[in-house]
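One letter stands for each residue in the lines below.
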Amino acid sequence: MVCPSQKPSVCNNMAAPGRHVGHYIHRNSRFLLNNFEQVWGHRSFGWTSAVRQQAAEANKESTETVVIPRKKTWSKEAVLEALASTVSRDPTAYSYQFQDDPYLSPRTSNEFKLFSLSQESGRAAAKYFINSNPKFFTKDVAEPHIPCLMPETVLPLLEEVSEEALKERINLRKVTAAVDMYDQLLQAGTAVSMETTHDLLDLICLYCDKDPVQEGEPQTEDTEESGEEVKRKTARLSRATDLLKATWRENNNAERIFNLLPERDTRCYSALIQGMVMHGAFAKAFSMFTDMLNNRLTADVHIFNALILAAPDVRENNEKWDLIAELLNQMRQQKIQPNLLTFNSVLRALRRCGFVAKTHALHTLNEMRALGIAPSLASFHHLLAIFCKSAPPSRGSTDMLQEVMSEIKETSFTCQDPNDVQFFSNAMKICLDCKDLDLGYKVHSLVETGENWRLLGDQYQRNIYYGRFFSLLCMMEHIDGVLKWYRQHIPSLFYSNSHGLRELLQALDTDSRLDLLPTIWKDICSLGHDNKSNLVDELLTLMARDTHSPEVQESFAKCALDVKSVFDVDRGRNRLEWSNSSLSNITSLLLRANNTKEAWEMLNLFKSKNRVPNEGLFEEFLSVCRNNGSPEEAVELVQMSAAYCLSATPRLAKQALAEFNLTEEQRAVLSELESAEQPSE
């Protein structure tokens, strides 16, 4: 706002006769523009635009030129981005990938796996059909146009033998077809450019001389694996892992083409060395590196990165670090500047170098800082793996993680290394092993900084991270904090497993909040874990262990009846089986809520399930019969105890004779049971 002391002078100077307004505006144009925008910018009187025009004309005479844009160009997504910035994440909403069809949105972990696999399978099938038949999808009605969503060409269009046809097959990742085309060019006496040869070697070495499985392409091999095995493999294994499973074959097409080259440069050696390291031929990679040096060629940074990773596989014990140091010295002698992946390769290799790893890991990190290379999350992941390698948790583990978190606090990261997604899960595991809640909150705060949540990995890795954090909260946090986090993150961000829910039940027991058990049971059902016998037994045991207020006992009885209905559901192999503890606990809960009719049904269920009730249950039943004044039920109860041959039968008969008004016939029955001979001790 304009200072009050300045307003009169401004008005007087502008209104004074003989005063050159243009000269005043020229000297004070910036001051006026700022004040007019602050005071009148929200009004449409036209004054601001007039002052802008006068100021622009006056500034033409000055040395500094102020260019005021007449129009702001907005992107097509600007409105959506502006609207998105005004709202926060809804913890009760499903993930964005499931919002196309809310009815089919998964509510359990099993439904999530099935939904994800089905969605990915359908997308892959559609993409394969579109790419295989692009002539049927020539009309583009998308606005804005998104090239990556348009049909791709997956079949070669050039049939003649030429270098252009070879490039086409390389771009389509047709390994076998590209090799055949290259051989035909050589047989025809046509020279292939070195750039195309480089691309061909890169393709062959990447896929280990095999055609990659195209997305959505049906499998041709006959397999006898069950559907569950296929789902498990699809969910757990990524495409990168499948690449690593291939083994480098002796004298494959990459080596054959390499040997046919009249001249070999560093790029050719780089393709083969990286391919050999990727597919397990470590010794052969070093042999190829030696051959390159003998030909007086200089290696590139990618070659050294690959060889550093392979060093622990070709040497033993202390010689592992010696070989890594030798490679680093050769980089320095050849004046090759290391990059982030170089140092990450060193840290990753040090994890297998024994007791010398800790010392050299810190030196490596200091060298990175000296060269101005900022460590990525993968760097800290390898560092934690080196210092926290021992099985039992130690103070040194949390000390190293504390230092790491102090350094990267409130830092937003981007993915620069494939192993970046391993950091958060590993860091939370250390917090859980050491039971350090404060450190766990620091790690989780870093996850919520900027776009760091994207570095949690895929849904499977994300569930591991959140599951570990939830276990730490259940173990160390107050129950109010646990429940607050639980309601905000389950199932919007991850689906808790049965182990996590058991830990939640234990946390409720620790803080004496068992009144919330019926609510947790509803969540157990909605998350699909009501078929886990150990979880159901844990819930029933906690509800039946102590006696609570009538209101709580009434809610427990309703919950017990709901649990009973779960046992009656036929789930095939996953069907819950009645146990003595589950039958006894449900019966006790019904008795405490004075639901005698349902309790008698449970007592009769013991016989149909070939189970024997415990003596304490009969004592509870007899107490309820006394309170209700039901001598007939008391006599029947004692007779049932005798039918089960319980040692407490005489005691129950004696108690019934003393506490109930019985008929002569009933007294005769109980007297006979009371005098029954007990087994000798």
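Right above here is the structure, for reference.
Described below are features of the structure shown in this document.

A short note on the overall build of the chain
Reasoning step 1: Assigned secondary structure in the chain consists of 33 helices and zero strands.
Reasoning step 2: Per-residue burial for the chain yields a buried fraction of 40% across its 681 residues.
Reasoning step 3: Residue pairs in contact within the chain that sit at least 24 positions apart in sequence constitute 66% of those at least 6 positions apart.

Here we look at the packing of aromatic side chains
Reasoning step 1: Under the criterion given, the structure shown has 14 aromatic pairs.
Reasoning step 2: On the numbers, 6.1 Å between centres and 40° between planes, the contact of Y466 with W485 is tilted. Highlighted residues: Y466 in helix α22 (residues 459-476) and W485 in helix α23 (residues 479-489), separated in sequence by 19 residues.
Reasoning step 3: Residue classification places W485 among the buried residues on the basis of a relative accessible area of 8%.
Reasoning step 4: Aromatic side chains F470 and W485 sit 5.8 Å apart centroid to centroid with 20° between the ring planes, which places their arrangement in the stacked category. Taken together, the positions of F470 in helix α22 and W485 in helix α23 put the pair 15 residues apart, joining distant regions of the chain. Each member of the pair, F470 together with W485, is buried.

Describing the environment of C645
Reasoning step 1: Note on placement: C645 falls in the loop between α31 (631-643) and α32 (649-659).
Reasoning step 2: What makes C645 exposed here is its relative accessible area of 68%.
Reasoning step 3: Spatially, the C-alpha atom of C645 lies 9.5 Å from that of V612, the residues being 33 residues apart in sequence.

Looking at a negative patch on the surface
Reasoning step 1: Together, E316, E319, D322 and E326 give the surface a local cluster of negative charge.
Reasoning step 2: For E326, the location among the structural elements is in helix α15 (residues 319-333).

Considerations on the environment of F606
Reasoning step 1: Turning to its location among the elements, F606 is positioned in helix α29 (residues 596-608).
Reasoning step 2: Once the C-alpha coordinates of F606 and L583 are considered, the two residues, 23 residues apart in sequence, prove to be 7.2 Å apart.

Quick look at a nonpolar patch on the surface
Reasoning step 1: Taken together, the side chains of V79, L80 and L83 present a nonpolar region at the surface, about 330 Å² in accessible area.
Reasoning step 2: Positionally, L83 belongs in helix α4 (residues 78-84).

Let's talk about the packing of helix α16 (residues 340-350) against helix α18 (residues 377-387)
Reasoning step 1: As a packed pair, α16 and α18 sit with axes 9 Å apart at the nearest point and diverge in direction by 15°. In this view, α16 runs roughly parallel relative to α18, as classed from their interaxial angle. At the point where α16 passes α18, the crossing takes the left-handed sense. On α18, the residues that touch L340, N344, L347, R348 and L350 of α16 are A378, S379, H382 and I386.
Reasoning step 2: In the contact of α16 with α18, the residues fall into five nonpolar, three polar and one charged.

What to know about helix α7 (residues 175-187)
Reasoning step 1: Across its 13 residues, α7 extends 19 Å between first and last C-alpha, which sits within 8% of the 18 Å expected from 1.5 Å per residue.
Reasoning step 2: One or two positions beyond α7, positive phi appears at G189, with a value near 80°.

Overview of the nonpolar core
Reasoning step 1: Ranked by size, the top nonpolar core spans 169 residues in total, and within it F423 and F424 carry the most contacts.
Reasoning step 2: Residues contacting F424, with those up to four places away along its chain left out, are L377, V443, L446, V447, N452, L455, L456 and Y465.

With respect to helix α30 (residues 615-628)
Reasoning step 1: The end-to-end C-alpha separation of α30 is 20 Å, in line with the 20 Å expected for 14 residues at 1.5 Å each.
Reasoning step 2: Of the residues making up α30, those classed as buried are L617, F618, F621, L622, V624 and C625. The buried residues of α30 occupy an angular sector of 160° when projected down its axis, which confines them to one face.
Reasoning step 3: Phi turns positive one or two residues past the end of α30, at G629, with a value near 65°.

Some remarks on the pattern of salt bridges
Reasoning step 1: Counted by the stated rule, this structure contains 20 salt bridges.
Reasoning step 2: R267 is the salt-bridge partner of D202, the closest N and O atoms lying 2.5 Å from each other. Of the two residues, D202 is situated in helix α8 (residues 194-206) and R267 in helix α12 (residues 266-278); the sequence distance between them amounts to 65 residues.
Reasoning step 3: The exposure class assigned to R267 is partly exposed, which follows from its relative accessible area of 36%.

Focus: unusual backbone geometry
In terms of backbone geometry, most residues other than glycine have negative phi values and most peptide bonds are trans.
Reasoning step 1: With phi around 55°, N251 is a residue other than glycine that occupies positive phi space.
Reasoning step 2: Along the chain, the position of N251 falls in the loop between α10 (239-245) and α11 (253-260).

What about the side chain of T649?
Reasoning step 1: As for its placement among the helices and strands, T649 is situated in helix α32.
Reasoning step 2: Classification of T649 by relative accessible area gives buried; the value is 5%.
Reasoning step 3: Those residues in contact with T649 that lie beyond four places of it in its chain are V638, S641, A642 and L673.

A word on the environment of S162
Reasoning step 1: Relative to the assigned elements, S162 resides in the loop between α5 (109-132) and α6 (163-171).
Reasoning step 2: When the C-alpha atoms of S162 and A188 are compared, they prove to be 9.8 Å apart, with 26 residues separating the residues in sequence.
Reasoning step 3: Sequence-distant contacts of S162, defined by excluding residues within four places in its chain, comprise M181 and L185.

Considerations on the packing of helix α24 (residues 498-510) against helix α26 (residues 533-545)
Reasoning step 1: Contact geometry for α24 and α26: axes closest at 10 Å, N-to-C directions at 10°. For the element pair α24 / α26, the angle class is roughly parallel. Judged by residue contacts, S498, L501, R502, L505, Q506 and D509 of α24 engage N534, L535, E538, L539, L542 and R545 from α26.
Reasoning step 2: Considering only residue class, the contact of α24 with α26 consists of five nonpolar, three polar and four charged.

Parameters and conventions
- Once a new chain begins, its residue numbering starts again from 1 and follows that chain's sequence as written.
- Under the rules for a predicted model, residues below a pLDDT of 70 receive no local features and side-chain atom pairs below 80 are neither given nor counted, while totals for whole chains, interfaces and linings still include all residues.
- Each side-chain value is worked out from all heavy atoms of the structure, with water and hydrogens disregarded.
- Only DSSP runs of H or I reaching four residues or more are called helices, and only runs of E reaching two or more are called strands; each is numbered from the N terminus.
- For every residue, the accessible area (1.4 Å probe, protein chains only) is compared with the maximum for its type, and the residue is labelled buried under 20%, exposed over 50%, or partly exposed between those bounds.
- Only heavy atoms enter the contact rule, under which two residues are in contact if any of them lie within 4.5 Å.
- A pair of aromatic rings is counted whenever rings of Phe, Tyr or Trp (Trp by its six-membered ring) have centres within 6.5 Å, and the orientation is called stacked for planes under 30 degrees apart, edge-to-face for over 60 and tilted otherwise.
- For patches, a residue must show more than 30% relative accessible area and have no salt bridge; joins then use 9 Å for like charges and 5 Å for nonpolar side chains, namely Val, Leu, Ile, Met, Phe, Trp and Tyr.
- Accessible surface area values rest on a Shrake-Rupley calculation with a 1.4 Å probe, where residue burial reflects the displayed protein chains alone.
- Take a side-chain nitrogen of Lys or Arg and a carboxyl oxygen of Asp or Glu: if they are within 4 Å of each other, that pair is a salt bridge.
- Neither His nor the chain ends is counted toward charge; the positive residues are Lys and Arg and the negative residues Asp and Glu.
- Charged groups are reduced to one reference atom each: NZ for lysine, CZ for arginine, CG for aspartic acid, CD for glutamic acid.
- Comment: axis = line fitted to C-alpha atoms, over the contacting stretch for helices; angle = value between 0 and 180 degrees taken between N-to-C directions.
- Small angles under 35 degrees read as roughly parallel and large ones over 145 as roughly antiparallel, with 65 to 115 read as roughly perpendicular and the rest as oblique.
- Handedness of a crossing is defined here by the sense of rotation of the near helix relative to the far one, left-handed for an anticlockwise turn of less than a right angle and right-handed for a clockwise turn.
- Following the grouping adopted for this structure description, the nonpolar residues are Ala, Val, Leu, Ile, Met, Phe, Trp, Tyr, Cys and Pro, the charged ones are Asp, Glu, Lys and Arg, and the polar ones are all others, Gly among them.
- Multiply 1.5 Å by the residue count of a helix minus one, and that product is the helix's expected span.
- For our purposes a nonpolar core is just a set of buried Ala, Val, Leu, Ile, Met, Phe, Trp, Tyr and Cys residues, chained together by side-chain atoms within 4.5 Å.
- This arc corresponds to the set of directions leading from the helix axis out to the C-beta atoms.

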